[in-house]
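Analysis of the macromolecular model
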Amino acid sequence: MQLTSTRAPRSSWLSLAFIVTSVVAVGAIIASLIISFAHSEQTPPGGLVRQSVAARQHTTTTPRERAFRDVGLQMFQWPWNAIAEECRSSLGTMGIRRVLISPPHENLNIPTWTSSYAPISYRLDSKLGTRDELRRMVETCHAHGVDIIADAVMNHMAPAIPPFRGIAGSTFHRYSYPGIYSSADFHHCHLTPDGVLHTYFDRGQVQQCDALGLPDLDTGSPHVQKVLHAYLRDLLSVGVDGFRIDAAKHISAADVAGILSVVPADKFVVQEVIIGLHEPIHPQEYFQNGRVFDFAFAGVVKDALQYGDLFGLFSTGAERGLLPLSQAVPIVTNHDFERDVNLLTYRDGWVYHFATLLMLATQHGSPFLYSGYAFDSRDQPAPSTPAGLVDTPHCTPHLLRPRVGQFLCVQRDAAYRTMVEWRYRAMNGTLQPRQNHTSDIPVLAPARIVWFQPGVVALMRNGLLFVANWSGHPVKIPLAPGQTDSTSLISLHAGRVELDHTLLTVPQGDIVVSMRAAH
């Protein structure tokens, strides 16, 4: 999570320190107007296709099949045992390639989700489970063809706040983490009077100053890198398949490279680097270290729906601030965005899910879905025990109307499962060459646009039809005879397909796909 001094109220002392980036900076790149997306929410995503899709049981096990699976899922604040169960029951059969887990280090023991981003030590005992539970979860997920990506917090340590104790019992004080770091291991920034980050337009402040009480590690020092090397090696020893580098923008690209020098090149790495208008730090600096989350995509897809330019979503690129396909990991939301940025989240109802499903039809990098929990206050933790351990998640039965504390288990939803499978079948059978820490880069078959109007796009990939309608009214799409297998058409929202010979009627807000090419 990146750091900022804007947005949330001053009372949110720790949460302020963990916002992904300056909301002003994010807004400059991906700002879009606030609008109301009116749409019926009577039918949950995938309504009537749930049985047929869920019944398809297959675990991704062959190396070739896995190479062409590129969809990730962030499982925010999911305990290790619960993730293992999802790998057994849903993730493997869905075809999810990799799962991003919340930070596995020993966390500050306070009742807020941000405590996961406040390391006390690098013991693999956290509020999400023990070291043994982590190891068993990784083994279980591997058995079902799912890789595990660990969220690695290496820019800073926990702020000095009561009770000065971690979830596993470790104690600490500011700039003193016994057996790990002493005062000499931190930057002690002299670029501002108080040593605190004040502006994102100064590279030195961003990468050396403390942000709102978070002690900023001197990530270029030999001792700090040695400690971080040991931490990453320990995670690799329990089987993790790669890392998300939290707050990478606050660490120089050279320091990130040094930290990752002990990680084999075939391990997946994705870095959190958000560009702000006229800021000196850019995502391109970090390409040498692996992939980068393409946060701009979240704004681009929202704009596409707001302005009715679904066609443009399949042709846009660098001119909208998007990253190169081989480096990009696009998202619609994550744990920071859904709390701090005016973009689409579960609170927007079906339009959020529509945008996420739309992302799966694009060729823009390897997308990540998101599974978190509903909340009514920014810092609210996932439901937990009195000791601070996160409880077993309870999935909402209605993705459009979750109750506070319920998890949005998109991996169990038929619409999501269908689109992940559609994306796999739409691959063209080739891989781009791997680069350092990028993992496999499968290529979707080219999108051939067959019909469009404002708010509507119909396209073919590898003989498979994809139609999305956000025009405000039903549309009729003419299909050429033999263009696709009309018997395999699936509606992802309305739950029914209306096909009169070669004229396909798609209701407002629906997505219709074909799952087989014409014979």
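Before going into details, it helps to say that this report is about the structure given with it. Positions within a chain are numbered from 1, following the residues in the order the chain's sequence is written. A pLDDT threshold of at least 70 governs which residues receive local features in this predicted model, and a stricter bar of 80 or more applies before side-chain atom pairs are shown or counted, although totals over entire chains, interfaces and linings include all residues. Hydrogens and water molecules were not included; the side-chain quantities draw on all heavy atoms of the structure.

Focus on unusual backbone geometry
With an omega of 10 degrees, the peptide bond between Pro-162 and Pro-163 qualifies as cis. Of note, Pro-163 is situated in the loop between β5 (147-152) and α7 (203-208). The phi torsion at Gln-77 lies on the positive side, around 65 degrees, for a residue other than glycine. A run of H or I in DSSP counts as a helix once it spans at least four residues, and a run of E counts as a strand once it spans at least two, with each numbered from the N terminus. By the secondary structure assignment, Gln-77 is in the loop between β1 (72-75) and α5 (80-94). If you check the backbone angles, His-437 has positive phi at about 65 degrees while not being a glycine. Mapped onto the elements, His-437 comes out in the loop between β11 (427-432) and β12 (441-444).

Focus on the nonpolar core
For this analysis, a nonpolar core means a set of buried residues of the types Ala, Val, Leu, Ile, Met, Phe, Trp, Tyr and Cys, connected via side-chain atoms within 4.5 Å. Burial classes follow relative accessibility: with a 1.4 Å probe on protein chains only, a residue under 20% of its type's maximum area counts as buried, one over 50% as exposed, and anything between as partly exposed. Among the nonpolar cores identified, the biggest contains 133 residues, and Tyr-181 and Phe-466 are the most heavily contacted of them. Among the elements that make up this core, the one with the highest residue count is helix α13 (residues 350-359) (eight residues). As annotated, the domain borders come from an automatic or database domain assignment. Taken together, domain 1 (63-443) and domain 2 (446-514) each give at least three residues to this core, which thus spans both. Should any heavy atoms of two residues lie within 4.5 Å, those residues are counted as being in contact. Every residue in contact with Phe-466, bar those within four places of it in the chain, is listed here: Phe-314, Leu-357, Leu-358, Ala-361, Met-419, Trp-422, Val-457, Ala-458, Leu-459, Ile-511, Val-512 and Val-513. Membership of the second largest hydrophobic core comes to 14 residues, among which are Val-270, Phe-293, Ala-298 and Phe-368.

Here we look at the sheet that holds strand β15 (residues 464-469)
In space, the five strands of this open sheet follow the order β13-β14-β15-β20-β17, with antiparallel pairing throughout. With one partner strand each, in any of the chains shown, β13 (448-453) and β17 (489-491) form the two edges of the open sheet. Along the sheet, successive strands turn relative to each other by an average axial angle of 10 degrees, direction set aside. Here α13 sits on the sheet and contacts β15 and β20 (511-514); the angle it forms with β15, its principal contact strand, is near 150 degrees. Here an axis means a line fitted to C-alpha atoms, over the contact stretch when the element is a helix, while the angle between two N-to-C directions is reported on a 0 to 180 degree scale. Of the strands in this sheet, β14 (456-461), β15, β17 and β20 are in contact with helix α14 (residues 414-425), which crosses β15 at around 135 degrees. Think of it this way: DSSP has to see at least two bridges between two strands before they count as a pair.

Digging into the sheet that holds strand β19 (residues 503-506)
Read across the sheet, three strands follow the order β16-β19-β18 without closing on themselves; strand pairing throughout is antiparallel. Two strands lie at the open edges of the sheet, namely β16 (475-478) and β18 (498-500), each paired on one side alone. Put simply, the sheet's adjacent strands are angled 25 degrees from each other on average, direction ignored. With four bridges joining them, β16 and β19 adopt antiparallel strand pairing. Of the residues in β19, the one forming a bridge with Val-475 is Val-506.

Here's the deal with α13
The buried fraction of α13 amounts to 10 of the 10 residues, a majority that puts the element mostly inside the structure. Those residues of α13 that fall on the buried side of the exposure criterion are Trp-350, Val-351, Tyr-352, His-353, Phe-354, Ala-355, Thr-356, Leu-357, Leu-358 and Met-359.

Some remarks on the state of the cysteines
Disulfides are defined as pairs of cysteine sulfur atoms found within 2.5 Å of each other. Evaluated as defined, the whole model comprises three disulfides. Between Cys-189 and Cys-209 runs a disulfide, and the two sulfur atoms are separated by 2.0 Å. Taken together, the positions of Cys-189 in the loop between β5 and α7 and Cys-209 in the loop between α7 and α8 (222-237) put the pair 20 residues apart, joining distant regions of the chain. Look at Cys-189 and you get buried, because its relative accessible area is 9%.

What to know about the environment of Ser-102
In this structure, Ser-102 sits in the loop between β2 (98-101) and β3 (106-107). For the pair formed by Ser-102 and Asp-151, sequence separation is 49 residues and the distance between their alpha carbons is 5.5 Å. With sequence-adjacent residues up to four places away left out, Ser-102 is seen in contact with Met-75, Phe-76, Gln-77, Trp-80, Leu-128 and Asp-151. A polar side-chain atom of Ser-102 sits 2.9 Å from the main-chain amide nitrogen of Gln-77. By the criterion applied in these results, polar contacts are pairs of N or O atoms within 3.5 Å in which, for protein atoms, one can donate a hydrogen and the other can accept it, and in which residues neighboring in sequence qualify only through two side-chain atoms.

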